[in-house]
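# Structural overview
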Amino acid sequence: QVQLVESGGGLVQPGGSLRLSCAVSGSISNLVAMGWYRQAPGKQRELVAAFTSGGTTNYGDSVKGRFTISRDNEPQTVYLQMNSLKPEDTAVYYCNAELKIAVWTPLKNYWGQGTQVTVSS
């Protein structure tokens, strides 16, 4: 069974840094896209940063220049380095992956359980 295992959230002061990680657990055939989304209370889930199917990276406008997404291939892991954090970055951060378990299976979307990031003094 495929799971996305997240770690690295927590409480940080404004201006501080945190690093999130998300690893694919389980056997897969193709990893098409992978990245991070976030959802603050009362708001819709939004893109933070992601590697696309075309191999490029996309960032949400509010995090450009402050956050950096990176990855390792063995195991399939993405990282989100968050610098210059602001109170408005407070949210639950979710890892997302589009992948195939086997060549003959359809492309499916997977979500992690979410990790809380709180930016407060």
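Residues numbered from 1 in each chain as written. Predicted model: local features only at pLDDT ≥ 70, side-chain atom pairs only at ≥ 80, totals over all residues. Heavy atoms only, no water.

## Some points on the sheet that holds strand 8 (residues 77-82)
An order of 1-3-8-7 is seen for the four strands of this open sheet, with the pairing classed as antiparallel. Edge positions in the sheet fall to strand 1 (3-7) and strand 7 (67-72), since each of these pairs with one other strand and no more. For this sheet, the mean inter-axis angle between neighbouring strands, taken without regard to orientation, is 15 degrees. Looking at chain direction, strand 7 and strand 8 are connected through six bridges and run antiparallel. Residue pairing in the sheet places T68 in a bridge with Q81 of strand 8. (Pairing = 2+ DSSP bridges. Helix = DSSP H or I, 4+ residues; strand = E, 2+ residues; numbered from the N terminus. Axes fitted to C-alpha atoms, helices over the stretch in contact; angles between N-to-C directions.)

## Concerning the state of the cysteines
Each disulfide is one covalent bond, formed between the sulfur atoms of two cysteines. One pass over the full model with this rule turns up one disulfide. Across the disulfide from C22 sits C95; the S-S distance is 2.0 Å. One disulfide, between C22 and C95, carries an S-S torsion of -85 degrees and so falls in the left-handed class. With a gap of 73 residues between them, C22 in strand 3 (residues 18-25) and C95 in strand 9 (residues 91-100) connect regions that are remote in the sequence. For the pair C22 and C95, one class covers both residues: buried. (Disulfide = S-S within 2.5 Å. Buried < 20%, exposed > 50% of the residue type's maximum accessible area, 1.4 Å probe, protein only.)

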